[in-house]
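Chain residues, written in single-letter form:
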Amino acid sequence: MAIHRRRHHHHNTHNRFRYLIPAISVISAAILILYGFISLLAPSPDHPHHLVRRKTSDDDSLLVHSLFKVPISGGMGNDRSLWNTRMSKFYFGCSNASNKFPKVETVTYPNRYLLIATSGGLNQQRTGVTHYLFTKLKFITDAVVAARILNATLVVPKLDQKSFWKDASTFSEIFDVEWFISHLSRDVKVIKELPKKGGKIWTPYNMRVPRKCNERCYQIRVLPVLLKKHAVQLSKFDYRLSNKLETDLQKLRCRVNYHALRFTDPINKMGQKLVNQMRKMGKHYVALHLRFEPDMLAFSGCYYGGGEKERKELGKIRKRWKTLHSNNPDKERRQGRCPLTPEEVGLMLRALGYSKDVHLYVASGEVYGGDDTLAPLRALFPNIHSKDTIAPKEELEPFSAFSSRMAALDFIVCDESDVFVTNNNGNMAKILAGRRRYFGHKPTIRPNAKKLYRLFLNRENTTWEEFSSRVRTHQRGFMGEPKEVRPGRGEFHENPATCICEDPEAKSKLESLPRKFGKNNLIDPTDESLVPDQDTENESEPLDQDQDEDDDLIGPQFQHLVNDTSLDDDPLISELPELEELLSD
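Because the structure is predicted, anything quoted here is derived from the model rather than measured.

Draft legend 1. Region of the structure containing the overall build of the protein chain. Along its length, the protein chain carries 25 helices and 14 strands. Counting over 585 residues, the protein chain shows a buried share of 54%. Taking contacts inside the protein chain between residues at least 6 apart in sequence as the whole, the part at least 24 apart equals 80%. Total accessible area on the protein chain is roughly 28500 Å²; 54% of this is exposed by carbon and sulfur atoms.

Here is the structure:
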């Protein structure tokens, strides 16, 4: 009986397994079909943001799913509002002198010669190649104005040739010197060399002026010396002229900056070739000044999640400058003082509506992290170019040994671009922003880094639709629109408001246009709500370290002159010379 039970139990077990195996097969097949269906709906493998690596405390990465999914395609790459605005038609550059501005021959006195010397030396290591060129461009502009204030003849400035960048280019090898002299002939007398004195070389008297010295300051501090010595050289001239001057002097600044200073024919021709190459690739292109070089990141004290390796590498670079205090990287990022990563720049542009097929021209030095750092940007915008990728090596060879001439080529391509994006508000970015305002208000995008940082930080839990909507909101007032900067704010080279005139019929025309973001994404520049609040400005705040020797140059009798220049006390302009020069390219 027991044997019969065991046989019966074995028979039942065998029957169960006989039916169980097909059931398992059916379930497995169903799971495989379901997995395949889910795979079809999931983002494509080249999608860079459907999975996010979240950092843990020991810098290991944990792979997590995110709500944040960048569309594989889409955007409004051909939308007219992305490439220009109707408001730009109502504003134009105007820099002609008024009838009250005396002609040069009536105000230039004999035996008054002004020479200018710029900064150089090891300081250039921290500022980058674009600083070398565009700081010089600014000081040349200001040198002309200083000569006019002093009623003196200006000697063509000699560019520093002892810098870290070892660029031996002279003024005439970068700029068209004959055009410079002739174009300014109604404003300032300019000569190429200081004349000899009694048949011998004339050594000028060397002196310095305080930073941001205004018209009255020059007349009191420099003019008496010039009357006595007849030839004066102002050394370390960077940032030695006030940001705010009377109207005719500001307009002179514009005539120098936007008309008298132009690159030599070889530089212009090569630059135009690069522009033409970008135009052949598409109807529009975006130029990006990335500014993500190791020196830039090290000096700014920013941290980008690269773990101990990044801390060691950037810390080693920081040791070059003994005067740097220990920054709080998180605070720097929260305050918007750090450049966006290439990926963050790409996300901002996609959120603003620029499609994946838009061509990007990247003007940048060595990118920290190289191709790995650029990979997320390339995933968002596969069509990335630089002068090295769109021009044959032999055509760039005459320029490649000269850092300033290579920077000039980048400047031309950025200036001619349909949209210019700056990743920090340095000298190249400021000068380009001013030029683009003066010549038609072509879009210039400056990331609102302080607001965008919080958005980037929490993007894993945000949908793309919400993210892109908030990016567009945060970027109001940071897009290069007319009148988006409050009067009196910002550096003159970036916001030459004195040289921008309004169409007399503009106000009536504006009334007929949509306000804010209407059907065509148009912005009414008269709308106060579109002007960025003071706490959203991205520039570095003044820091109390490493004071300039200018304090020793200002005696008690001249303190009122410093007070006169207090109009320049602007959050957009740092008072710390070293930090200002680094962040100014």
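That shown, we press on.
Draft legend 2. Examining helix 19 (residues 427-438) more closely. Over its 12 residues, helix 19 extends 16 Å from the first C-alpha to the last, a length consistent with the 16 Å expected when each residue adds 1.5 Å. Among the residues making up helix 19, those that are buried are N427, M428, A429, K430, I431, L432, A433, G434, R435, R436, R437 and Y438. Positioned one or two residues after helix 19, G440 has a phi angle of 105 degrees, which is positive.

Draft legend 3. Fine view of the pattern of salt bridges. All chains considered together, the criterion is met by 15 salt bridges. Taking the shortest distance from any N to any O, the salt bridge between E173 and R405 comes out at 3.4 Å. With E173 in helix 5 (residues 171-174) and R405 in helix 18 (residues 403-416), this residue pair connects regions lying 232 residues apart in the sequence. According to the relative accessible area criterion, E173 is partly exposed, its value standing at 36%. By relative accessible area, R405 is classed as buried at 12%. Residue D415 is joined to R435 by a salt bridge in which the shortest nitrogen-to-oxygen separation is 3.1 Å. Of this pair, D415 sits in helix 18 while R435 is found in helix 19, placing the two residues 20 residues apart along the sequence.

Draft legend 4. Quick look at the side chain of T141. Residue placement: T141 occurs in helix 4 (residues 129-149). Given the relative accessible area of 0%, T141 is considered buried. At a separation of 3.1 Å, a polar atom in the side chain of T141 contacts the main-chain carbonyl oxygen of L137. Setting aside anything within four residues of it in sequence, one finds T141 in contact with R253, V256, N257, L261 and H493.

Draft legend 5. Structural context of the pairing of strand 9 (residues 285-289). Of all 5 residues in strand 9, 5 are buried; the element is thus mostly enclosed. Both strand 9 and strand 10 (residues 359-363) contribute to a ladder of 5 bridges, which runs parallel. Bridging across to strand 10, H289 finds its partner in A363. Pairing of strand 9 with strand 12 (residues 419-422), which is carried by 4 bridges, proceeds in the parallel orientation. The residue bridging A287 from the neighbouring strand is F420, located in strand 12.

Draft legend 6. The arrangement of the state of the cysteines in detail. Inspection of every chain in the model, using the stated rule, returns 4 disulfides. Note on cysteine connectivity: C254 is disulfide-linked to C499, with sulfurs 2.0 Å apart. The disulfide joining C254 to C499 has a torsion of about 95 degrees about its S-S bond and is therefore right-handed. In this pair, C254 is assigned in helix 9 (residues 247-260) and C499 in the loop between helix 21 (464-474) and strand 14 (500-502), connecting sequence segments 245 residues apart. Looking at C254, the relative accessible area reads 0%, which means it is buried. You can call C499 buried: its relative accessible area is 0%. The partner cysteine of C302 in its disulfide is C338, sulfur to sulfur 2.0 Å. Since a negative S-S torsion denotes a left-handed disulfide, the C302-C338 link at about -95 degrees is left-handed. Taken as a pair, C302 in the loop between helix 11 (294-300) and helix 12 (307-318) and C338 in the loop between helix 13 (329-334) and helix 14 (342-352) lie far apart in primary sequence, 36 residues in all. When sorted by exposure, C302 lands in the same class as C338, which is buried. Cysteines bonded in the protein chain are numbered consecutively along the chain; their disulfide partners then correspond to 1-8, 2-3, 4-7, 5-6.

Draft legend 7. Representation of the confidence of the model for the protein chain. On average, residues of the protein chain carry a pLDDT of 77, and 69% of them reach 70 or more. Note on residues 38-64: pLDDT is under 50 here. Beyond four places in sequence and across chains, it has 45 contacts. Here residues 516-585 is a poorly scored stretch, pLDDT under 50, and it has 179 contacts once near neighbours within four places are set aside; other chains count.

Draft legend 8. Molecular detail of the packing of helix 14 against helix 21. Two elements in contact, helix 14 and helix 21, have axes separated by 8 Å at closest approach and are oriented at 90 degrees. Our classification of the angle between helix 14 and helix 21 gives roughly perpendicular. Here L347, M348, R350, A351 and L352 of helix 14 lie close against helix 21, whose contacting residues are W464, F467, S468, V471 and R472. Considered class by class, the residues forming the contact of helix 14 with helix 21 number 7 nonpolar, 1 polar and 2 charged.

Draft legend 9. Geometry of the sheet that holds strand 10. Spatially, 5 strands are ordered 11-10-9-12-13 in an open sheet, and the strand pairing comes out parallel. Of all the strands in the sheet, the pair left with one neighbour each is strand 11 (384-385) and strand 13 (444-445). Relative to strand 10, helix 10 (residues 265-281) is tilted by about 155 degrees, and along the sheet it contacts strand 9, strand 10 and strand 11.

Draft legend 10. Highlighting the environment of K251. Residue placement: K251 occurs in helix 9. Along the sequence, K251 and C499 sit 248 residues apart, while their C-alpha atoms lie 5.9 Å from each other. If near-sequence neighbours (up to four positions away) are discounted, K251 is found in contact with C94, S95, N96, T498 and C499.

Conventions and cut-offs
- Residues numbered from 1 in each chain as written.
- Predicted model: local features only at pLDDT ≥ 70, side-chain atom pairs only at ≥ 80, totals over all residues.
- Heavy atoms only, no water.
- Helix = DSSP H or I, 4+ residues; strand = E, 2+ residues; numbered from the N terminus.
- Buried < 20%, exposed > 50% of the residue type's maximum accessible area, 1.4 Å probe, protein only.
- Contact = heavy atoms within 4.5 Å.
- Areas by Shrake-Rupley, 256 points an atom, 1.4 Å probe, with all protein chains shown as cover.
- Expected span 1.5 Å × (residues − 1).
- Salt bridge = Lys/Arg side-chain N within 4 Å of Asp/Glu carboxyl O.
- Polar contact = N/O pair within 3.5 Å; in protein donor to acceptor, adjacent residues only side chain to side chain.
- Pairing = 2+ DSSP bridges.
- Disulfide = S-S within 2.5 Å.
- pLDDT = per-residue confidence, 0-100.
- Axes fitted to C-alpha atoms, helices over the stretch in contact; angles between N-to-C directions.
- Parallel < 35°, antiparallel > 145°, perpendicular 65-115°, else oblique.
- Nonpolar A, V, L, I, M, F, W, Y, C, P; charged D, E, K, R; others polar.

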